[in-house]
Amino acid sequence: MALDKNGIAKRIAQELQNGWYVNLGIGIPTLVANYVQDNIKVEFQSENGILGMGPFPLEGEEDADLINAGKQTITSLPGSSFFDSSMSFAMIRSKKIQLTVLGAMEVSDKGDIANWKIPGKMVKGMGGAMDLVASAENIIVAMQHTNRKGDSKLIEKCTLPITGLGCVKKIVTDLAVLEVSPELGFVLRERAPGVSVEEIVSKTSGRLFLPDNVPEMSL
Amino acid sequence: MISKVIHDLDEALTGLEDDMTVMFGGFGLCGIPENSIAAIRKKGTKNLTCISNNAGVDGFGLGLLLENHQIKKMISSYVGENDEFERQMLSGELEVELIPQGTLAERCRAGGSGIPAFFTPAGHGTEVAAGKEIRIFNGKPHILEHAFDASFAFVKAWKGDEAGNLIFKGTARNFNPSMAMAGKITVAEVEELLPAGSLDPNSIHIPGVFVHRIFKGNVFEKRIEQRTISKRN
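Residues numbered from 1 in each chain as written. Chains lettered and ligands numbered in written order. Predicted model: local features only at pLDDT ≥ 70, side-chain atom pairs only at ≥ 80, totals over all residues. Heavy atoms only, no water.

Novice: Hey, could you run me through the layout of surface pockets in this one?
Specialist: Space left empty within the atom packing is revealed by a probe, the size of a water molecule, rolled over the atoms. Residues and elements named next belong to chain A. Considering only enclosed or pocket space, the second largest pocket measures out at about 590 Å³ in volume. Residue lining of the second largest pocket: 25 residues in total, with Thr30, Ala33, Met53, Gly54 and Pro55 positioned closest to the centre. Taken together, the elements giving at least two residues each to the lining of the second largest pocket come down to α2 (28–31), β2 (43–46), β3 (50–54) and β4 (75–82). Each residue belonging to the lining of the second largest pocket can be placed in one class, and the counts come to 13 nonpolar, eleven polar and one charged. (1 Å grid on protein atoms, 1.4 Å probe; cavity = no way out; pocket = protein on both sides within 12 Å on 5 of 7 lines; lining within 4 Å. Points joined across faces, edges and corners; volume = space filled by probe spheres on them. Helix = DSSP H or I, 4+ residues; strand = E, 2+ residues; numbered from the N terminus. Nonpolar A, V, L, I, M, F, W, Y, C, P; charged D, E, K, R; others polar.)

Novice: Before we go on, may I ask you to explain the packing of aromatic side chains in this structure?
Specialist: Working definition: an aromatic ring pair is given by the centre-to-centre distance plus the angle between the planes. Residues and elements named next belong to chain B. One pass over the structure, following the stated rule, counts three aromatic pairs over all chains. Ring plane angle 10° and centroid distance 5.6 Å describe the contact between Phe152 and Phe154, whose orientation is recorded as stacked. Exposure class is identical for Phe152 and Phe154. Each is buried. Chaining the aromatic ring pairs together yields one cluster made of Phe24, Phe152 and Phe154. Seen from the ring of Phe220, Lys156 lies directly overhead, with NZ or CZ sitting 5.1 Å from the centre. One cation-aromatic arrangement involves Lys159 over Trp158; the distance from NZ or CZ to the ring centre is 4.4 Å. (Phe/Tyr/Trp six-rings, centres within 6.5 Å; stacked < 30°, edge-to-face > 60°. Buried < 20%, exposed > 50% of the residue type's maximum accessible area, 1.4 Å probe, protein only. Lys NZ or Arg CZ within 6 Å of the ring centre and 35° of its normal.)

Novice: Explain the nonpolar core to me, please; I cannot follow it from the model alone.
Specialist: Ranked by size, the top nonpolar core spans 49 residues in total, and within it Ile12, Leu16, Val107, Ile113, Val141, Val168 and Ile171 of chain A carry the most contacts. Excluding residues within four positions of it along the chain, Val107 of chain A makes contact with Asp112, Val141, Met143, Lys153, Leu154, Ile155, Cys158, Val168, Ile171 and Phe186 of chain A. Counting 32 residues, the second-largest nonpolar core is a separate cluster that includes Met130 of chain A together with Ala12, Ala55 and Val128 of chain B. (Core = buried A, V, L, I, M, F, W, Y, C linked by side-chain atoms within 4.5 Å. Contact = heavy atoms within 4.5 Å.)

Novice: Help me understand the interface of chain B and chain A in this model?
Specialist: Where interface size is quoted, it is often the accessible area lost as the parts come together. Contact residues are listed per partner, giving 52 residues for chain B and 48 residues for chain A. Buried surface at the junction of chain B and chain A, both sides included, amounts to about 4,100 Å², of which 58% is carbon and sulfur. Taken as a group, Phe27, Thr171 and Thr228 of chain B account for 15% of the area that chain B buries against chain A, more than any other trio of residues on that side. For the pair chain B and chain A, the interface holds seven salt bridges. Between chain B and chain A we count 26 residue pairs in polar contact (both at pLDDT 80 or more) in total. Listed by contribution, the elements that provide at least two residues to the side of chain B that touches chain A are α4 (83–90), α5 (101–111) and α6 (176–182) of chain B. A total of six residues in the side of chain B that touches chain A trace back to one element, the largest contributor, which is α5 of chain B. Here the residues of the side of chain B that touches chain A are counted per class, giving 18 nonpolar, 19 polar and 15 charged. (Buried area = accessible area lost by both parts, 1.4 Å probe. Salt bridge = Lys/Arg side-chain N within 4 Å of Asp/Glu carboxyl O. Polar contact = N/O pair within 3.5 Å; in protein donor to acceptor, adjacent residues only side chain to side chain.)

In structure tokens, the structure reads:
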């Protein structure tokens, strides 16, 4: 069965390593924070100026001066710090943040990502996405395998305006975990429980490499 | 001690004229200079080019200047939580330049640091790079970006003193410090305005040298855009 949003987040949480600083984008990526394994310590960065972001506040304890990049009210944890936007992107560009998780509209088999603009529709802006993808060494995309029309979002060449080139290393969708290899394109690493390789093949339009063994994810 | 304290909002806006480029601190509605925005709306200054990460919402923040047709151009990284913004943008009344958030912040910081331009990797291979000089550093393409030049910067801080020293709170800091540095005239509104000597010099986020005018804001509504809460167990 295909994963729901929480399933995707749960699978991505398995990628987190002890001691990492992590930036989570808006949407499914935000949910990753709910599934951090008990035996590791990570700190979440939000690019509007906090390291050590905590859960949402209890009712009545919301603070208008404490929000995340999605403009949601949040809390800080012991050891957290606040800083201004230029310092925030300084730590992003200088690769102090070990993992970036973000959503996408399209990912190419070269690791290009498009996630900020649909021609003909109201453009809201790229926010911090272009800065993040241009500098982060470890980028995981969290998204559905296909769009609402049923077309594959894993394609040979992005058709939408680009956010960054050759930057995506791994993709976790409702159907699969895939890595991006410069030589092989998408490499299928894991299947969602009960999802067949054939289904993933039929819903992937970019170059797809199938290793001999593609295990089911363990969640 | 050089006092930066002003006593009314007319004095805060002295010299602000039509067609100027103006910075506004804040991220979403967090840490925006509410009192200065209200005063600019009242003054009616027109054709402003506004540098601000976002463009407010309908009826609050920069939305107040948009609905009064005071803004000619927005330079932002993320906009459009705002019907009036969308209407003006689609009808061509409002010019919009979207730039990556880190580049926006650094163009402010550079403007306040005597650095006329810098190279950044953000936006390489995208439409943001169109027409800009590209150079390779450490094997990777970078884009030349220029410092912002703004006649005014309006910022909001938590505490300030008569000397113009500023301390920010939480994530309301965001773009305020780098914009405070960049304004030719920087106007800071604060929740608490204290006598010189009341703030620990070790704790100052922005030294008063960057602040030209400081006042205590009358009202801080501090609207929340996305009120999200955890359930009590």
